[in-house]
Amino acid sequence: MAPDATLAPRLLSAPLLALAIVADFALTGGAVAVFALGWLVPVQRATGGLIDVTLIANLILFAVVVVGIVFGLGRLRPRDVGLRWERLAPAALATILIWVWMQVAIGVWSLASGQGLAIDPAWARYGALVVLGNTLGQFFGNALYEEMMWRGMALPQFSRRCARRWPAARGLSMAALIAALVISQGLFALRHIPVRVWQGASPGDLPTTIGEVFAIGVIFALLYLRTRNLFLVIGIHALYDAPTALLAHGGVAALLALGLAVLILLLWPRALLGPLAKHQLPSLSG
């Protein structure tokens, strides 16, 4: 096996890779329409908010794109898209510790800013089941699907193709890495356009908001390449989207999760491994 094939042992054919991306875009747009029409709200209400629309929509995406196209037609395995089960337990423990650190940091920030400690009003406003449902919708829905699709599958698949154009003696050349990051995370950002429009973004706001999504996608992609643990990236992604804070935080909780992702990226003890040979790529910490 070539060194640059470590992250994606099996190469998905170009037509199937294109089909997976087109299906993702189409179903994401369809999900926005379903959200707008409120078709999934009865399920959310019937479960008291524990099963929310985000979870349902992303499970549909997972079933069609990942299970149907990537695993079914493409015959890739979970390991080919980053799901290495031996790394689940360390990632779960790390995610819990990150969440605890976030709560402590929020408390310190609240006290230092003179605001005092107060329970996050979301718990009283929406109820515990809704808050927990939002968290489950991220861990087992949005974050799980997006990381498998765009960091676990698309990034390595594009990196192997770019490596053919910009080969290196070992691993990926910097040009191939940059090209793969721009293509995969550019597509990741563009698929958010229907969601952002539905959330109220104006045409003038779209370049900025989509640029932010692209930047976050690059951070998560580099974090995956750095740690080689997609489960860890899923955990941080979920905490970024749904911090599930115990204390009122004024919006700082999501920034804490993202900031910690950058900190891990910079301080991880080893340089990019496997397909990104350290002799070909500079260490991200240096």
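In this report, the structure presented in the accompanying data block is examined. (Residues numbered from 1 in each chain as written. Predicted model: local features only at pLDDT ≥ 70, side-chain atom pairs only at ≥ 80, totals over all residues. Heavy atoms only, no water.)

### With respect to the overall build of the protein
Of the regular secondary structure elements, the protein holds eleven helices and zero strands. Reading the protein from its N end, one meets helices and strands in the order α-α-α-α-α-α-α-α-α-α-α. Evaluated residue by residue, the protein yields a buried proportion of 48% over its 286 residues. Carbon and sulfur atoms form 70% of the exposed surface of the protein, whose accessible area is close to 13300 Å². (Helix = DSSP H or I, 4+ residues; strand = E, 2+ residues; numbered from the N terminus. Buried < 20%, exposed > 50% of the residue type's maximum accessible area, 1.4 Å probe, protein only. Areas by Shrake-Rupley, 256 points an atom, 1.4 Å probe, with all protein chains shown as cover.)

### Describing the environment of I98
Tracing the chain through its elements places I98 in helix 4 (residues 88-112). For I98, a relative accessible area of 8% gives the class buried. With 162 residues separating them in the primary sequence, I98 and L260 have C-alpha atoms 8.0 Å apart. Dropping the residues within four chain positions of it, I98 is found in contact with L232, I236, L239, L260 and I264. (Contact = heavy atoms within 4.5 Å.)

### Examining the pattern of salt bridges
Pairing between side chains of opposite charge can happen when their charged atoms approach one another. Tallying each qualifying case throughout the model produces five salt bridges. For the salt bridge of R191 with D24, the shortest nitrogen-to-oxygen distance reads 2.9 Å. Placement of the pair is R191 in the loop between helix 7 (174-190) and helix 8 (193-198) and D24 in helix 1 (residues 14-37), with a sequence separation of 167 residues. In this structure, R191 and D24 share a single accessibility class: buried. Notably, a salt bridge pairs R79 with E86, separated by 3.4 Å at the nearest N-O pair. With relative accessibility at 48%, the residue E86 sits in the partly exposed group. Salt bridges linked by common partners bring D24, E146 and R191 together as one network. (Salt bridge = Lys/Arg side-chain N within 4 Å of Asp/Glu carboxyl O.)

### A short note on the packing of helix 1 against helix 6 (residues 128-165)
Close contact between helix 1 and helix 6 brings their axes to 12 Å; oriented N to C, the two are set at 150°. Between helix 1 and helix 6 lies a crossing whose hand is left-handed. The residues of helix 6 that touch helix 1, namely those facing A14, L17, A20, I21, D24 and F25, are Y145, M149, W150, M153, Q157, F158 and R161. Broken down by class, the residue content of the contact of helix 1 with helix 6 amounts to ten nonpolar, one polar and two charged. (Axes fitted to C-alpha atoms, helices over the stretch in contact; angles between N-to-C directions. Left-handed = near helix turned anticlockwise from the far one by under 90°. Nonpolar A, V, L, I, M, F, W, Y, C, P; charged D, E, K, R; others polar.)

### Considerations on the packing of helix 1 against helix 3 (residues 53-73)
It is the contact of helix 1 with helix 3, at a shortest axis distance of 10 Å, that shows an interaxial angle of 165°. Taken together, helix 1 and helix 3 sit at an angle that is classed as roughly antiparallel. The hand of the helix 1/helix 3 crossing is right-handed. Packed against helix 1, whose contacting residues are L16, L19, A20, A23, D24, L27, T28, A31 and F35, the element helix 3 presents V53, T54, A57, L61, V64, V65, I69, V70 and L73 at the interface. Tallied by class, residues from the contact of helix 1 with helix 3 come to 15 nonpolar, two polar and one charged. (Parallel < 35°, antiparallel > 145°, perpendicular 65-115°, else oblique.)

### Things to note about the packing of aromatic side chains
Inspection of every chain in the model, using the stated rule, returns five aromatic pairs. Ring centres of F35 and W198 lie 5.5 Å apart, and the angle between their planes is 35°; this geometry places the pair in the tilted category. Of this pair, F35 sits in helix 1 while W198 sits in helix 8, and the two are 163 residues apart along the sequence. By relative accessible area, F35 is classed as partly exposed at 23%. Between the aromatic rings of F220 and Y240, the centroid separation amounts to 6.5 Å while the plane-to-plane angle is 75°, which identifies the pairing as edge-to-face. Pair noted here: F220 is in helix 9 (residues 206-227) and Y240 is in helix 10 (residues 230-241), with a separation of 20 residues, a long-range link. Sitting above the plane of the F188 ring, R151 keeps its charged end 4.2 Å from the centroid. (Phe/Tyr/Trp six-rings, centres within 6.5 Å; stacked < 30°, edge-to-face > 60°. Lys NZ or Arg CZ within 6 Å of the ring centre and 35° of its normal.)

### Focus: the side chain of N142
Tracing the sequence through the fold places N142 in helix 6. Residues within four places of N142 in sequence aside, it is in contact with T54, N58, G137, H237 and D241.

### A look at helix 4
An α-helix turns once every 3.6 residues. As a result, residues three or four positions apart point the same way. Here helix 4 is 25 residues long and its end C-alpha atoms lie 36 Å apart, about the 36 Å a rise of 1.5 Å per residue gives. Among the residues of helix 4, those classed as buried are A91, T95, I98, M102, Q103, A105, I106, G107 and S110. On its buried face, helix 4 sits against helix 6, helix 10 and helix 11 (252-267). Once helix 4 finishes, G114 follows within two positions and takes phi at roughly 80°, a positive value. (Expected span 1.5 Å × (residues − 1).)

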